[in-house]
Each structure stands twice: as C-alpha cells, then as structure tokens.
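Summary of structural features
Below are the chains, spelled out letter by letter.
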Amino acid sequence: MSVITLTTDFGLDDWFVGAMKGVILGLAPRVTIVDITHAIPPGDIRAGAFTLLQAARCQPPGAIHVAVVDPGVGSERRAIGIQTRNAVFLGPDNGLLSLAVRGESIRSVRQLAQPRLFRQSVSRTFHGRDVFAPVAAHLARGVPFSRVGPPVPDYVRLRWPEPELDGSILHGQVVHIDRFGNAITNLDAARVTIFDKENRGSAIWIRPRRAVPLVECYAAVQPGEPLAVAGSCGWIEIAINGGSAARELGLKVGDPVRVGGRRVGRGKGADG
Amino acid sequence: MSVITLTTDFGLDDWFVGAMKGVILGLAPRVTIVDITHAIPPGDIRAGAFTLLQAARCQPPGAIHVAVVDPGVGSERRAIGIQTRNAVFLGPDNGLLSLAVRGESIRSVRQLAQPRLFRQSVSRTFHGRDVFAPVAAHLARGVPFSRVGPPVPDYVRLRWPEPELDGSILHGQVVHIDRFGNAITNLDAARVTIFDKENRGSAIWIRPRRAVPLVECYAAVQPGEPLAVAGSCGWIEIAINGGSAARELGLKVGDPVRVGGRRVGRGKGADG
Amino acid sequence: MSVITLTTDFGLDDWFVGAMKGVILGLAPRVTIVDITHAIPPGDIRAGAFTLLQAARCQPPGAIHVAVVDPGVGSERRAIGIQTRNAVFLGPDNGLLSLAVRGESIRSVRQLAQPRLFRQSVSRTFHGRDVFAPVAAHLARGVPFSRVGPPVPDYVRLRWPEPELDGSILHGQVVHIDRFGNAITNLDAARVTIFDKENRGSAIWIRPRRAVPLVECYAAVQPGEPLAVAGSCGWIEIAINGGSAARELGLKVGDPVRVGGRRVGRGKGADG
C-alpha cells in the first residue's frame, strides 16, 4: 500500500491536518501517511517547495506527495498533479511542486478537475481536505493518474537562485535556515569539492572578509566555532558546532556566500 | 481496523503522546492512530471541545475519538464514553465531548468503570495513558461499548454561545482563532447567506463602525485587505488576505460580530 | 510487525523526521512508527535520555527505539545498539540510551558497523536518516541483532543524580520540567510514601522554608495552589493546580527538593 506524504503550512495547533488524514483514511484505510512538516511559514511557497524537494528524495517509490501552501485557495489558481517516474505530486499550481520535480523525468502533468474524486462538498478555503487529500487517497487505491483531469501544457515554476561562477569565484546564497540554525546554501558540495581541489583547509566566505573553514563534520572545530560542511542533502551548509549559525553569525535566507577568491589565513577570518 | 483519534493538551515536547500510542499499539497493533492536535492550551476545555467537533466530522465511520483536556484528573470527575451512530467519544466528563456529539444521534452514554479495560496500574495524573488509551484500544479490538461501564443518565454539557437575532441584525461572536490568525465565528455561513439575500457585496461588522466584505475566497480582496468568507467548517470567518486577522484587526475569542444593520459603503468601513 | 519509536532533537519544522520515516518505510513498509518527541532541546542528551526512559516503558514488547540527539555526528563517536529482554535501542554512544536500559536485563551491546544495513550513501551530518533509521527498519524486518556489528564491552553512561538520605531527610532534585510546567523530581513516590509514614499531610520542601503539601491529585488543592503528587512515572512532581509550577514557583532542572525534616505547619510554608 502506498505512502502519502503531507507538507503544509497548516500548523499543528488546529484540526486541519487531522481532518485531511480522516478524509484520506476514509477512502484508503490501509495507506501510510507520513507528515513531512506542517510548519511551513504561512503562505511561504518557496520554503514549502524546498522542504518538499528534500523530503521527497527519501520516500519509497510510488509515494504520493500532497503539498499545500496555498494563499490563492478558492481563486482561479489551478490544482495540479505531476507524475514522475517514481512519485506523484499534488498541490496548487503556484510553484510549490516545481523544485521537487526539477530534473526528474516527468511523465504527465494534469489539472485536478474530476469532482468525483473530490470531497462531496468542496469549500473555498480548504482544498487540502476537500481536493488534495481525497485525490491522493483515490490514487493510492489504484485510480489511474490519467483520471484526475485533463493534461495541462505547463505548470508554474519557482524561480530558484543558481550559483554563479565569476572567474575563480563561485557565488551562492543561503536558501534555508534549519531548526538548528544551520544555514543551508545552494552550493553543491560535490561541485565545491571539485572546484576547490584542496578540500581540506578550504573555506566558505560568508561576508567579504569573513570565512569559515570547510570541514568534515560539526565536531571538527571547537564547540562554539563556525564551520562549513557538506550537508545531508548534498549542499554546503554553514553551522556552529553546538550553536546556531543563524543567530550567532546573523545569517538569513538570501545572504550571499562564496567559495574561492581570497584564501582563509586562520581558522576564522576577520569580520567584514 | 478502526481509526483512533487523539485530541489533547499534552503538547509534543514530552513523552505523553508517545506513551499513549505505545499503550494503544500494545493492545491493538493494527489500529491507525490519527493525531488531531496536542496543542490545546493547557486545561482549555472549550478549545478542546471545538477542535474535536471540527475534526470528528471528517473521520471515517467507526472512529474512536480520545480527547483529554483534563484539569480534574484523579479527582471525582467521571471518565465517560459517548456512543453515537458513527463514532465513539472517550474523555473526562467535563464538557470536552459535548460539542462533538451535539446534534448527533446518541446511542449510549456510559461511565468508564471497568478496571479490566484499564492499564494495570492507574496513576492519578495521567488517565490519557492509563484509562482512555487502553479503553479505546479494547473497543478498536471489538470489545462491545456496553462493557466499558454502567450507563449514566447525562453528561456535562459545555455552554456554547449561539447567535442571536435582534430585529434585522444577527449577532454572533468569534469562537476560535486559527493558526493563520483567521477568526472563526459562530455565524452559520448558510444562514448568513439566506439571512442577507444580497450575498455578494454583503459585509460582516466586526466593530460598531468597522465592516469587512463577505467574499468567496481569500484572494477576492487585495493582499493585506480584510474579508469575511464562508469557512471550511460552514461558519463565517474573518481573515486578511495574506495576513493575520487576529493580529492586524485585534480579534480574539469572544469578540462580537454581526451581520445586517448598516450597509457597508466602501470595501472597508471607518473604524469604530 | 514491530513498532519503531523515534526520539530526536530534529524539531518538526524541517524535513528531517519525514526523511527518516521515508527511509524506514522504504525498507519496512508495514512497520508502525511512533513519534515520542522531536522537541528535545538541540544537543541536550540528558533531556533526550530522560524522555526515552519514560516513553520506552509504555511501548509494546519488541519495540525498536531510535534516539538521535547527536552533537558528535560524523566524528569518532560510535553508533550503538543495546538489546534488552523486551526491546532494542539504537543511537549514538553518548549516554542517550543509558537511562532507558538502566535496570533492564541487557542481552547484547553492539556497535552499528555493518554498512550493508545503512543507507547507500552515508552523510556526515544526518545519521538519523542514514544509519539509525535503516538499521531499525532492517531489524524490524527480522535481521538478527547480532548482524548489526561487533559486540562492544561497554557504552557511555550518563551520570544521573540519585536522591541522598541524610539522617531523617531525603534530598532530591528537579530532573524535568514538562509541558504543563510540572517539576518532576528524582524522588521515588513509593519510597517517599514509605519514608514518610504519614503520607497524607506530608510535604515536599522546595526551598529551605517553603513546602508544598503532598496530595493525591492536582484538584486536591484550590486552583492556583501548589502541591506535590505521585506523578505518572512513579516520581514525585511539584505542580500548581491549573498553573505552571516552573513559572510560578521559579523551579528549574537541578533545583534541590527534600522530604522530611521540618514538618509543614500550614498548607503552605513561608518562603525561604
């Protein structure tokens, strides 16, 4: 039986997530539901898309991913499904699904437009419960993806910051702050390693004159010291051993980072 | 196999919810447990009752609902079960179950008084684990409801604010603030629509001289603008497109709202 | 099919927990996963160990407990498994597992060192996903515990404060503050009862000159009044009926408490 994952901005304080699960289990009692998170900041499509991307990579083949960060619910925005080789993604067509399917082999993109697969009465404010949950449950029960609605030629793609190479310098930025205050960047760890052949001893610059050493694990520096490390999703992240890089270094989403250029003299450069 | 739902004020920081689940799964390994929420404010029976009401409507037939907001645990307050046509509700007899069963066809109300269905040793502070969880598991395994204990003639009912019609004005109030800062009122959306035949262009008054337009979805007004909408549970809610009505309009549980009376001239009335 | 429990400091805001569950379900689709908590304060091994101890006692026989509070991830710290008569515990060898297995009959302690049981590529920062989750799933599917790696002679044990008897006074301390602000002590409730034969009317001293009455349930004192009660895990806890003992009495982990010595005259002693 399939896995259905849920990624939303609904929080855990109200009944919203429980309602979605009730609807799913009423239609597909034997499905396994996996909460990715319900703590996406309200309406933050970018954060939802990034989280879905990370989570989807670890799910079993055949997983059905329901993502709902949906400020346009009830308006003309479409509800869509994207079928890849290994999974199905369901959500509003606002860019939320676009990072997770980037680079995947996409088989079909369809509008969710078959009312027989919806909840009997569809509200204008809670399509997580009334549209996405029941469609996911029907798919988990074996309804073919082609039945969800007509194919659509395209879907909204989120603009995503790509690293930029400028001579000998690779420029990136912070794309996520995690629960520990680690600042995840868009610098691909493998590329950084190849880019800078002298991996050990290398550094990531977080400000014009402030670099942190690129090491192999958090504990490679003294407690309280900053570092960069190849994170668990393959991207370089800036951290503090036993601390919060976001708080202590003042890092936030969008902050520039770079690799290459000046070399770091000591373990810690002067602050710019 | 049955669904058991959990609605508590236990939070997710301690082991309380995990302990309840362990007890349930030890007795009924194949049950599916659905967390409604564990973030009911400590001891807030009214909030728990309202949340249970909303969540229960979406659960599969035969669901067993365990609700524990139980400031009187260990005292003389009774533990009860209420069997309706479609579900069983278990919890302390303090009003917590009373909204969810209002209007339902009640088949049986019983005191939970059969120690063989409890955990071997019952603490004085954690009946969620020691009484409600194991009784729910036994019921899920097929123990008949009549075995939980003797029938009781009545149960504690929560006083619930009903809207009041005063001439051409329907008075209600805010009954819940959700995670998005939406203020859910006790005004039935269908009734409001009938009450005010000119649905489009109508307004909900949130202060003597401040009205918000009644529209069909959040995105029907400009970002940052207030609105009223038929919410997903059938009640009128006050929201701000992309914002928090609770924070930006200062709304809280108990605040009066009304429909009818003065008509709203512009999209936004003068603030009273 | 087995239960796998999860106790971590990963929080619920990111994809970390969802990633672990995806890995588990990819290997063992029919396992039931129970979240104990993911809100252990980052890196707080002691809090994680205490929570795991409480939660493990309530799980079904055969449960596999995965605990990850792992500031040393990626360093030389070992990953271990401890098999007891009723359960298996998996986690970093930093003391995290040591309270839960104290007093249990330990059958085997092994280092997790069999890469075939790990995720294909093991990161240096997320062994929850790459080591502990897949090993747990393999065990749940029936891989014998002896296959996880070589036996190790010992494991890191957390220092735990034991109560001390000084003449007629039993000294203890606060070891946990729960979600309600209850201060759980290391004083065994059964021992306190025997120690102080006059159980009713007894008191727990929380400061040199401030005692709270030992009663049978929260509601035994007036709302807003402090009390001590035999908590649900068998330890004495300090609470306020309808309030937060941590906030209102200023209690925190490590604060001394005692039973015996001066007797309490009134329900509430003078504050020292």
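Above: the structure in question.
Keep in mind the model is a prediction, meaning the values are calculated, not measured. (Residues numbered from 1 in each chain as written. Chains lettered and ligands numbered in written order. Predicted model: local features only at pLDDT ≥ 70, side-chain atom pairs only at ≥ 80, totals over all residues. Heavy atoms only, no water.)

1. Considering a nonpolar patch on the surface
The grouping of Leu12 of chain A, Leu12 of chain B together with Leu12 of chain C at the surface amounts to a nonpolar patch, some 200 Å² of accessible area in total. Relative to the elements of secondary structure, Leu12 of chain A occurs in the loop between β1 (3–8) and α1 (16–27). Accessibility expressed as a relative area gives 33% for Leu12 of chain A, which makes it partly exposed. (Patch = residues over 30% accessible without salt bridge, like charges linked within 9 Å, V, L, I, M, F, W, Y side chains within 5 Å. Areas by Shrake-Rupley, 256 points an atom, 1.4 Å probe, with all protein chains shown as cover. Salt bridge = Lys/Arg side-chain N within 4 Å of Asp/Glu carboxyl O. Helix = DSSP H or I, 4+ residues; strand = E, 2+ residues; numbered from the N terminus. Buried < 20%, exposed > 50% of the residue type's maximum accessible area, 1.4 Å probe, protein only.)

2. Topic: the nonpolar core
Core analysis: the largest hydrophobic core is formed by 49 residues, its most contacted members being Ile4, Trp15, Val66, Leu90 and Leu112 of chain A together with Phe50 of chain B. Counting residues per element, the ones that place at least two in this core are β1, α1, β3 (63–68), β5 (87–92) and α4 (127–140) of chain A together with β2 (32–37) and α2 (45–56) of chain B. Here this core gets eight residues from one element, more than from any other, and that element is α4 of chain A. Sequence-distant contacts of Val66 of chain A, defined by excluding residues within four places in its chain, comprise Ile4, Thr5, Leu6, Thr7, Met20, Leu90, Phe132 and Ala136 of chain A. (Core = buried A, V, L, I, M, F, W, Y, C linked by side-chain atoms within 4.5 Å. Contact = heavy atoms within 4.5 Å.)

3. Focus: the interface of chain C and chain B
Tallying the contact residues gives 32 residues for chain C and 31 residues for chain B. For the pair chain C and chain B, the summed buried area comes to about 2300 Å², and 62% of that belongs to carbon and sulfur atoms. Seen at the junction of chain C and chain B, the total is one salt bridge. Ionic pairing is found between Arg124 of chain B and Glu216 of chain C, a salt bridge with its closest N-O pair at 2.8 Å. Counting the contacts that link chain C with chain B gives eleven residue pairs in polar contact (both at pLDDT 80 or more). Looking at the side of chain C that touches chain B, the elements with two or more residues in it are β2 (32–37), α2 (45–56), β8 (169–177) and β12 (226–230) of chain C. A per-element tally of the side of chain C that touches chain B places β2 of chain C first, with five residues. Residue composition of the side of chain C that touches chain B, grouped by class: 18 nonpolar, nine polar and five charged. (Buried area = accessible area lost by both parts, 1.4 Å probe. Polar contact = N/O pair within 3.5 Å; in protein donor to acceptor, adjacent residues only side chain to side chain. Nonpolar A, V, L, I, M, F, W, Y, C, P; charged D, E, K, R; others polar.)

4. Topic: the sheet that holds strand β6 (residues 106–111) of chain B
The strand order across the open sheet built from six strands is β2-β1-β3-β5-β4-β6 (chain B), with neighbouring strands paired in mixed fashion. Strands at the two margins of the open sheet, each flanked by one partner only, are β2 and β6 of chain B. Between one strand axis and the next, the sheet turns by 20° as a mean value, whatever way the strands run. With respect to the sheet, α1 of chain A is in contact with β1 (3–8) and β2 of chain B, its orientation differing from that of β2 of chain B by roughly 150°. (Pairing = 2+ DSSP bridges. Axes fitted to C-alpha atoms, helices over the stretch in contact; angles between N-to-C directions.)

5. Considering the interface of chain B and chain A
Size of an interface: often given as the accessible area lost when the parts come together. At the junction of the two partners, chain B supplies 32 residues and chain A supplies 32 residues. Between chain B and chain A, a total of about 2300 Å² is buried, with carbon and sulfur atoms accounting for 62% of that surface. Counting the surface chain B buries against chain A, the share from its top three residues, Cys58, Arg179 and Ser232 of chain B, is 28%. Where chain B touches chain A, the interface holds one salt bridge. Where chain B touches chain A, the interface holds eleven residue pairs in polar contact (both at pLDDT 80 or more). Of all the secondary-structure elements, those providing two or more residues to the side of chain B that touches chain A are β2, α2, β8 (169–177) and β12 (226–230) of chain B. If one sorts the elements of the side of chain B that touches chain A by residue count, β2 of chain B sits on top with five residues. Here the residues of the side of chain B that touches chain A sort into 18 nonpolar, nine polar and five charged.

That's the geometry; what it means functionally is another story.
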